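Working through the structure, step by step
Now for the letters of each chain:
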2 protein chains.
Amino acid sequence: MQSQHDYSTCQSCAQRFNSVFCKAREEYVKAINDQKICNTFKKGQLLFNEGAYPFGVYCINEGKIKLSHQGDDGKEQIIRLLKAGDVLGYRALLSGDRYGASAVALEDTKVCFIPKEIFITVLKNDTGLAFEMMKLLSDELHKAEVKLTHLAQKPIRERLAETLLFIKETYGFEEDGITLNVRLSREEIANLVGTATESTIRLLSDFKKDGMVELDGKKIKILQHKLLLQTANLQD
Amino acid sequence: MQSQHDYSTCQSCAQRFNSVFCKAREEYVKAINDQKICNTFKKGQLLFNEGAYPFGVYCINEGKIKLSHQGDDGKEQIIRLLKAGDVLGYRALLSGDRYGASAVALEDTKVCFIPKEIFITVLKNDTGLAFEMMKLLSDELHKAEVKLTHLAQKPIRERLAETLLFIKETYGFEEDGITLNVRLSREEIANLVGTATESTIRLLSDFKKDGMVELDGKKIKILQHKLLLQTANLQD
DNA sequence: CCGCAAACATGATTTTTGTCATGTTTAATC
DNA sequence: GATTAAACATGACAAAAATCATGTTTGCGG
């Protein structure tokens, strides 16, 4: 099938060695390249919806994506933040399940869609890729279980501080070395922390008063060393 | 190496087709059998400790095990419950990481230890096992992410009801078809729900008043249909 | 540039949940 | 079977967090 947009080839992709495919054999990368379908999503656009059946995986070439659950009462819970080089959609595919979460672009994003058949075929034949996949799943599982513990045991103030540091780990800083390199609404931050929007707004103001962050609309500057103290519950 | 206790062979193990090894090829099951080290753990005994390095995986022949994190303040968070046929220790092994959680026997338990080398070798050569492993990891990841959402969004009452149903899903009922087939302390249930022990005790009493459970020490009888309503937030 | 909706902000209040205190029951050990 | 520590239970209170109410600011489309 013909690519809708051609981000050159997988072989020469800037994310080639930056993804789960880093150890994949060249011949299989080529095979994936022949089948991939590239596409762009505008900020706010849906890549796939919770409950739908997966027909392949997505590889992010450029941009940012959030993966979120819909709680029973309709409230969003953001479970992962993804960036260039990340792959998404594999969890449902490997479980033989529907998507457990929805994927939405946080900014204009370029992704390549890799059809299920070729992905599974390569996975069957390339041990390196299979092990990378298992490592990726294991790492995600570990992160989820740590987050679970924190959600159960830490107060919101600490969780917010941790979340800001997590955002920094994921997306890094802008050139100034202090501004988080992503624009999230207060509500999205709340849905990442697992709290009410108002609580997040209030605590961000507190953090500002305490000199741990600077706020300029959706631009958030963080002072890492001060936030680190906060997460360790050592603030006083 | 000689087994310390011989629970017959992996080939004839009662859990042979009940575990992640269900699709593994016979020759590899035999290879694992030659290397396995069987052992028993008394109730309360530690199989491995958070932070230690993994040297293999454990396959449960008989018994029950809890996997738990230590929160920063030392509070236990139970992240998984395991039973006969389940495998544990693979997460850290596949991540190339230390154990992220400790494993403790909930009752007298027989396990077989499968050394890292043979496990990895078989995983490399048996695609069926590798895919089962990926499915297992994907399923665990999904469960963790759903639990995360509930932890963030549901009140404790609902989470306790869900937890009781989860225990039932995992360990089932005793012969009477109503008593949960495991003995957990109130504190352990609290550490599974993610709440204070007193809250759990209080809510269990409420549940009893409302005719959703019957309590007899650590024996808990549950009325599933009533608890199901509770989880859906339809109690009133 | 204006109008408007969404996002942000903040105070007041209520609800939920955790903590502390204290007593009772249970179960393990000698 | 007495001793004793741990587990269970419950009330009173404090703390944390959500909700509700009400403005203010921001950014977008005309």
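So, here's what we can say about the structure. (Residues numbered from 1 in each chain as written. Chains lettered and ligands numbered in written order. Predicted model: local features only at pLDDT ≥ 70, side-chain atom pairs only at ≥ 80, totals over all residues. Heavy atoms only, no water.)

All names here are of chain B. Throughout the structure, instances matching the rule amount to 7 aromatic pairs over all chains. Each ring, one from Phe48 and one from Tyr58, has its centre 5.6 Å from the other, and the planes form 35°; the classification is tilted. A residue pair is termed long-range when its members are at least 10 positions apart, and Phe48 in strand E2 (residues 46–48) and Tyr58 in strand E3 (residues 56–62) qualify at 10 residues. Measuring from ring centre to ring centre gives 3.7 Å for Phe48 and Tyr99, while their planes differ by 10°; the resulting arrangement is stacked. In this pair, Phe48 sits in strand E2 while Tyr99 sits in the loop between helix H2 (90–95) and strand E7 (102–105), placing the two residues 51 residues apart along the sequence. (Phe/Tyr/Trp six-rings, centres within 6.5 Å; stacked < 30°, edge-to-face > 60°. Helix = DSSP H or I, 4+ residues; strand = E, 2+ residues; numbered from the N terminus.)

Let's shift gears to the sheet that holds E3(B). Residue and element names in this part refer to chain B. The strand order E1-E8-E3-E6 describes an open sheet built from 4 strands, whose pairing is antiparallel. Strands with a single pairing partner mark the edges of an open sheet, and in this sheet they are strand E1 (37–41) and strand E6 (87–88). Summarising the sheet, E1 and strand E8 (residues 109–115) pair through 5 bridges and their orientation is antiparallel. When the sheet's bridge partners are listed, Asn39 is paired in E8 with Val111. Along the sheet face, helix H3 (residues 116–125) touches E3 and E8 and points at about 70° away from the line of E8. (Pairing = 2+ DSSP bridges. Contact = heavy atoms within 4.5 Å. Axes fitted to C-alpha atoms, helices over the stretch in contact; angles between N-to-C directions.)

When two helices pack together, their arrangement is given by the angle between the helix axes and by the axis-to-axis distance. Residue and element names in this part refer to chain A. Here helix H5 (residues 156–171) crosses helix H6 (residues 186–193) at 110°, and the two axes come no closer than 9 Å. Classified by the angle their axes make, H5 and H6 are roughly perpendicular. Contacts between H5 and H6 involve Ile156, Arg159, Leu160, Thr163 and Ile167 from the first element and Ile189, Leu192 and Val193 from the second. Here the contact of H5 with H6 is built from residues that sort into 6 nonpolar, 1 polar and 1 charged. (Parallel < 35°, antiparallel > 145°, perpendicular 65-115°, else oblique. Nonpolar A, V, L, I, M, F, W, Y, C, P; charged D, E, K, R; others polar.)

For the rest of this paragraph, the subject is helix H4 (residues 127–153) of chain A. Given a rise of 1.5 Å per residue, 27 residues ought to cover 39 Å, and the 39 Å separating the end C-alpha atoms of H4(A) matches this to within 8%. The N-cap of H4(A), judged by a side-chain oxygen 3.0 Å from the amide nitrogen of Gly128(A) a few residues on, is Asp126(A). (Expected span 1.5 Å × (residues − 1). Polar contact = N/O pair within 3.5 Å; in protein donor to acceptor, adjacent residues only side chain to side chain.)

Our next topic: the protein's contact with DNA strand C. In the vicinity of DNA strand C there are 14 residues, among which Arg186(A), Arg202(A), Ser205(A), Thr195(B) and Ser199(B) approach most closely. Here, DNA strand C places atoms within 4 Å of the protein, and 59% of those atoms are sugar or phosphate. Here Arg186(A) contributes a side-chain N or O atom positioned 2.9 Å from a phosphate oxygen of DNA strand C. In the model, a base nitrogen of DNA strand C is placed 2.9 Å from a nitrogen or oxygen of the Arg202(A) side chain. Among the elements of the structure, helix H7 (197–209) of chain A together with helix H7 (197–209) of chain B are those that each provide at least two residues to the surface near DNA strand C. Sort the elements by how many residues they give to the surface near DNA strand C and H7(A) lands first, with 4 residues. When its residues are assigned to classes, the surface near DNA strand C shows 4 nonpolar, 4 polar and 6 charged. (Near = heavy atom within 4 Å.)

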